[in-house]
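Observations on the model geometry
Now for the letters of each chain:
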Amino acid sequence: AGAREGLSGFVDGIKNRKTTASSKKQQQQQLSGPSFGEKHHLPLVLSILTFATLVACTVKDVSLVVGLTGAAMGSMIVFLFPVLIYCKAIAQQYGMDSVESKRAKMVNYGLLPFGALIGGLGVFMTLKGTS
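Residues numbered from 1 in each chain as written. Predicted model: local features only at pLDDT ≥ 70, side-chain atom pairs only at ≥ 80, totals over all residues. Heavy atoms only, no water.

1. Comments concerning the overall build of the chain
Helix and strand counts for the chain stand at 5 helices and 0 strands. Put simply, the chain runs from its N terminus to its C terminus through helices and strands in the order α-α-α-α-α. Within the chain, the proportion of its 131 residues that are buried is 12%. Here the analysis covers contacts within the chain between residues at least 6 apart in sequence; of these, 63% occur between residues at least 24 apart. When the accessible area of the chain is evaluated, it comes to approximately 10,400 Å², of which 68% is carbon and sulfur surface. (Helix = DSSP H or I, 4+ residues; strand = E, 2+ residues; numbered from the N terminus. Buried < 20%, exposed > 50% of the residue type's maximum accessible area, 1.4 Å probe, protein only. Contact = heavy atoms within 4.5 Å. Areas by Shrake-Rupley, 256 points an atom, 1.4 Å probe, with all protein chains shown as cover.)

Quick look at the structure:
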């Protein structure tokens, strides 16, 4: 009798795990929906690459292009994108109107101007160094 109860408990646990996994997947699909990035990813990437290629072909000194790209994209990768990703993750986990989400936005969105300032300073210093 003991082995049978243990086996049935094991099977019930597996069934509950499958149900929980599928319900979590459904909840995530309901929360996320189609986003701007999914719809416009290819045109956005192609336009950025085309612009960068045209600038690189017309500029005499490639170090300017590399410096500007590094200053702008580096500050975005270090300061801006983590803030946006974190706030989106908290909103998905706790809900958009939750206290946790509002607190995360209030605290982390304060870093966005700092990141923009650092990126602007990097661009300024790159332009200043080339003249």
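2. Some words on the packing of helix α3 (residues 62–94) against helix α5 (residues 111–130)
Packing of α3 against α5 leaves a shortest axis separation of 9 Å and a crossing angle of 170 degrees. Taken together, α3 and α5 sit at an angle that is classed as roughly antiparallel. Residues Leu-64, Gly-67, Leu-68, Ala-71, Ala-72, Ser-75, Phe-79, Leu-80, Val-83 and Leu-84 of α3 form the contact with α5, whose own contacting residues are Leu-111, Leu-112, Phe-114, Gly-115, Ala-116, Ile-118, Gly-119, Gly-122, Val-123, Thr-126, Leu-127 and Thr-130. Considered class by class, the residues forming the contact of α3 with α5 number 15 nonpolar, 7 polar and no charged. (Axes fitted to C-alpha atoms, helices over the stretch in contact; angles between N-to-C directions. Parallel < 35°, antiparallel > 145°, perpendicular 65-115°, else oblique. Nonpolar A, V, L, I, M, F, W, Y, C, P; charged D, E, K, R; others polar.)

3. Description of the confidence of the model for the chain
When pLDDT is averaged along the chain, the result is 79; 71% of the residues meet or exceed 70. Put simply, helix α1 (residues 2–32) is where the chain has its lowest mean pLDDT, 55, and α5 is where it has its highest, 91. (pLDDT = per-residue confidence, 0-100.)

4. Observations concerning a nonpolar patch on the surface
Judged by side-chain polarity, Met-73, Ile-77, Val-78, Phe-81, Leu-84, Ile-85 and Tyr-109 come together as a nonpolar surface patch covering roughly 660 Å² of accessible area. Take Met-73: it is sitting in helix α3. (Patch = residues over 30% accessible without salt bridge, like charges linked within 9 Å, V, L, I, M, F, W, Y side chains within 5 Å. Salt bridge = Lys/Arg side-chain N within 4 Å of Asp/Glu carboxyl O.)

5. Concerning the packing of α3 against helix α4 (residues 99–108)
Running from amino to carboxyl end, α3 crosses α4 at an angle of 170 degrees, the nearest separation of the two axes being 8 Å. Judged on the interaxial angle alone, α4 and α3 are roughly antiparallel. Taken together, the residues of α4 that come into contact with α3 (itself represented by Val-83, Tyr-86, Cys-87, Ile-90, Ala-91 and Tyr-94) are Glu-100, Ser-101, Ala-104, Lys-105 and Asn-108. For the contact of α3 with α4, the class distribution of residues is 7 nonpolar, 2 polar and 2 charged.

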